[in-house]
Every structure is written in C-alpha cells, then in structure tokens.
Amino acid sequence: MRDARVLVVDDSAAMRALFSDILDQARGVTVVGTARDAADARKQIPELKPNVLTLDVEMPGMSGIEFLAEIMEEQPMPVVMLSSLTQSGAETSLKAFELGAVECFPKPLRATPEQFNQIVADLGKIVLAAANSNVRDKPRPAAERGDIAPFNWNGRIVAIGASMGGIDALTTLFAAYPANCPPTVVALQAEPALVQTFIAKLDRELPCDVAAASDGMALEQGTIAIAFDPARHVVVESSDTLRLRLVDRERVEGARPSATLLFGTLARAGMPAAGVVLSGTGSDGSRGLKLMRDAGMATLVQDPSTATVGEAPAAALAAGGADEAHTLDALAGALLTACAAA
C-alpha cells in the first residue's frame, strides 16, 4: 500500500489548518500543500504531485463540485470531498459520487478530544484508501427508472456488504433491479446523513421500493432495505415472515453494521440466500461470505481491480468466499441469475 500525498483545498484558512493538522497525525499520510481555491490548486498540482485531493464542496468562484468535474475530465485522481452534511450538502455529496469522488467526509463543527482522535483515525484511513483506489475517468450516470422486465424469483434473499465506494457501486447494481426484485438487505458503512438522502434518491428513481432498515421490518420481494446505523447491526429473522432485526452489539472485526455478522446469521439459519461483497475498506464480509459459500449459498464478489476500493472484495476472494470476481457492470446480471427460478 502506497502512502498518501495530500493537497488540502479549502477557502477557509482555519479549515486548511485544521485538516492539515488532522492528516499530519495520520499514519501513512503526508500533507504536501494547501490551496485556497480551484485556481490555486490547479497551479500547485503539477509541482506538488499529490495522489489525493481533499476538496471543499463550497468555495467562492469555481465550486468544489465544478472543480471535481474538471479534474475527472482532464486529469482523473482520487478526491475526498469535505462537506457539512446538511440536506442540501448531502444532495451535493451524492452528485460528487456520480462525478467520481472516492468518498465524502463531514466537516467537524465541534469535537471533544476523544472525537477528534476518532476523526484523525477515520479521515486518515479514508485518505490512505483513496491514495490506493481505482479512479474512474468519466462520470457514472445515476440510476434511472428503465423498462426492466420482471423476473421469476426463486426464493433467495440478497445480502450485500459495502463501505467506501459502496454508494457508487450500489447505484449501478440496483439500476438493473426489476420492480419485483429479490428481497435485499444491505449493510452499508457510510455517513448516516448521506445514506438517508441516498435512500430517498434511489426510492424515487428505481421501480422497486427502497427504505432504511428498521427493527421488525418485513423483508419482502420488491424491497431493498439499507442498514447504516453505526450503532447497530442488522440480521434477518426467519419465521412466518422474513423480518429484519437491528441489534446492539460490539463491532465485529471493526465494522458496524457488519456484513460478516449478517452473512453469518443467514448461513447458520440455512436460509436460501445470495451474498455479495462490494467496494470497501478492510475485510468486513469476507469471513461471513465464506460461511455462506460453505453452506451451499450463492456468493458473489466485485472485481477488486474495478472496485473504487478493492480491499474488502480482495479479502473476500482470499478467504475463499467466492471462486471468481465480477466487474460491476456484470455483477447485477450474475446476481439476478442466481436469484431467478430456472
């Protein structure tokens, strides 16, 4: 894994100083410079040769979003957007993902010393992963409601794990979903305010129903449930009706909600299911996907070389969770085939 060389771009001198201080404390990360706006950054990039930009969403003159679009068009490189994740900020952050941003991180308004240490750890990990990510050289179109033929469901539940890069991957994956899609539950590690806006956007655009996972929620055909509460895990309970349960429990291998816990409970219960590991950091999902495979269930992994962040898919393959990987464009067809009656 290569170290991160970061250029911090923000119109606020205080924010430039704050994020430089945060990143200078992170292992494997060096701040090579700061820029006050897009024009300043444009001049410094050829000289400083950063391999990651942190970019403020709101700047005078050319906005962060406009500069991101320019970067991805002219010299694609990993960009982490920094934003206050209000409702309007979350909408803008989703636009940033469509343009090719690796991740969006909320600006800390206030922080205790303990919270500050966590911010250092989280942002450092994100920037380091960004430096080692796969960068798209063109915007990916948003999911659109298309003329997708219904399919004949074979009874398999779909369980998906994703983290960094997951919003982009899920957008593409679900664009192929029919109105009567298999019941689908996602364990997504991402900023809650951003995920709430993402869910609302998918629910508007897709022919199936998309909702935030809630405790006791029935998991039915035609529904995608996304679990993202960083304080609780999600599992599937089988009785007369499939229901989701949100459970309080310590992190599993550093993750919450944990894809490994979700996959493992499905494997142990013997429910007919298909497990999927998408773009993400760490190894969450790898052990659980192997349990599903050993139980005779369908398992699929996004190709690490084409994932925004290939760490989690690579870990799943190394653990024996699946025989082969699929490009993101091919993954949806493979998943729906695994869930369709012969």
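Calculation rules
Residues numbered from 1 in each chain as written. Predicted model: local features only at pLDDT ≥ 70, side-chain atom pairs only at ≥ 80, totals over all residues. Heavy atoms only, no water. Helix = DSSP H or I, 4+ residues; strand = E, 2+ residues; numbered from the N terminus. Rg over C-alpha atoms; globule rule 2.2 N^0.38 Å. Buried < 20%, exposed > 50% of the residue type's maximum accessible area, 1.4 Å probe, protein only. Contact = heavy atoms within 4.5 Å. Areas by Shrake-Rupley, 256 points an atom, 1.4 Å probe, with all protein chains shown as cover. Lys, Arg positive; Asp, Glu negative; His and termini not counted. Charge placed at Lys NZ, Arg CZ, Asp CG, Glu CD. Salt bridge = Lys/Arg side-chain N within 4 Å of Asp/Glu carboxyl O. Axes fitted to C-alpha atoms, helices over the stretch in contact; angles between N-to-C directions. Parallel < 35°, antiparallel > 145°, perpendicular 65-115°, else oblique. Pairing = 2+ DSSP bridges. Core = buried A, V, L, I, M, F, W, Y, C linked by side-chain atoms within 4.5 Å. Right-handed = clockwise from strand over helix to strand, strands pointing away. Left-handed = near helix turned anticlockwise from the far one by under 90°. Nonpolar A, V, L, I, M, F, W, Y, C, P; charged D, E, K, R; others polar.

Our next topic: the overall build of the protein chain. Across its full length, the protein chain carries 11 helices and 14 strands. Whereas a compact globule of 342 residues would reach a radius of gyration of roughly 20 Å, the protein chain reaches 20 Å, a difference of no more than 12%. Over its C-alpha atoms, taken along the principal directions, the protein chain stretches across nearly 60 × 45 × 35 Å. For the protein chain, buried positions account for 56% of its 342 residues. Looking at the protein chain alone, contacts between residues at least 24 apart form 73% of all its contacts between residues at least 6 apart. Looking at the protein chain as shown, the accessible area adds up to about 14200 Å², and 48% of this sits on carbon and sulfur atoms. Charged side chains in the protein chain number 29 positive and 42 negative. The centres of these two groups are separated by 3 Å.

What follows is about the pattern of salt bridges. Taken as a whole and judged by the stated rule, the model has 12 salt bridges. The salt bridge partner of Lys107 is Asp56, with a shortest N-O separation of 2.9 Å. Here Lys107 is found in the loop between strand 5 (103–106) and helix 5 (113–131), whereas its partner Asp56 is found in strand 3 (residues 52–56), with 51 residues between them in sequence. Accessibility assignment for this pair places Lys107 and Asp56 in one class, buried. In this structure, Glu205 engages Lys201 in a salt bridge whose closest nitrogen and oxygen atoms are separated by 3.1 Å. Here Glu205 pairs with Lys201, and both are found in helix 7 (residues 192–205), just four residues apart, close to one helical turn. Each member of the pair, Glu205 as well as Lys201, carries the same accessibility label: buried.

For the pair helix 1 (residues 13–24) and helix 5, interaxial distance at closest approach is 8 Å and the crossing angle is 80°. Our classification of the angle between helix 1 and helix 5 gives roughly perpendicular. The residues of helix 5 that touch helix 1, namely those facing Leu18, Phe19, Asp21, Ile22 and Leu23, are Phe116, Ile119, Val120, Leu123, Gly124 and Val127.

With that out of the way, let us pick up the sheet that holds strand 3. Pairing within the open sheet is parallel, and its five strands lie in the order 2-1-3-4-5. Two strands close off the open sheet at either side, each with one partner strand: strand 2 (29–35) and strand 5. Taking the axes of each pair of neighbouring strands and ignoring which way they run, one obtains an average angle of 25° across the sheet. The pairing of strand 1 (residues 4–9) with strand 2 spans six bridges and is parallel. Considered in strand 2, the bridge of Arg5 is made with Thr30. Against the sheet, helix 5 engages strand 1, strand 2, strand 3, strand 4 (79–83) and strand 5, with an angle of about 165° to strand 5.

The seven strands are arranged 8-9-7-6-12-13-14 in an open sheet whose pairing can be described as parallel. Looking at strand neighbours, the two that pair on one side only are strand 8 (209–212) and strand 14 (325–326), the edges of this open sheet. Two strands pair when backbone bridges link them, and strand 6 (residues 157–162) and strand 12 (residues 273–277) are joined in this way by five bridges, in the parallel orientation. Opposite Ile157, over in strand 12, you have Ala273 as the bridge partner. Together, strand 7 (184–188), strand 8 and strand 9 (223–227) form the strand contacts of helix 7, whose direction differs from that of strand 8 by roughly 165°.

Note on soluble globular proteins: their nonpolar side chains tend to be buried together. One finds Met81, Phe174, Ile224 and Ile226 to be the most contacted residues of the largest nonpolar core, which totals 62 residues. With six residues, the top contributor of residues to this core is helix 11 (residues 328–338). Sequence-distant contacts of Phe174, that is, excluding residues within four places in its chain, are made with Ile160, Thr184, Val186, Leu202, Leu206 and Ile224. Counting 28 residues, the second-largest nonpolar core is a separate cluster that includes Ile157, Val236, Ala267 and Met271.

Of all five residues that make up strand 4, five are buried, and the element is covered over most of its length. Bridge analysis of strand 3 against strand 4 gives four bridges, and the strand direction is parallel. In the strand pairing of strand 4, Leu53 is matched with Val79. For the crossover that starts at strand 3, traverses helix 3 (residues 64–74) and ends in the parallel strand 4, the hand is right-handed. Two elements, strand 4 and strand 5, share four bridges in a ladder whose sense is parallel. The residue bridging Met81 from the neighbouring strand is Cys104, located in strand 5.

The subject of this paragraph is the packing of helix 6 (residues 166–174) against helix 7. Two numbers describe how helix 6 lies on helix 7: the axes approach to 12 Å, and their chain directions differ by 15°. What the angle tells us is that helix 6 and helix 7 run roughly parallel. The chirality of how helix 6 crosses helix 7 is right-handed. Of helix 7, the residues touching helix 6 (which contributes Ile167, Leu170, Thr171 and Phe174) are Leu194, Phe198 and Leu202. Classifying every residue of the contact of helix 6 with helix 7 by side-chain character gives six nonpolar, one polar and no charged.

Nothing here speaks to function; it is geometry throughout.
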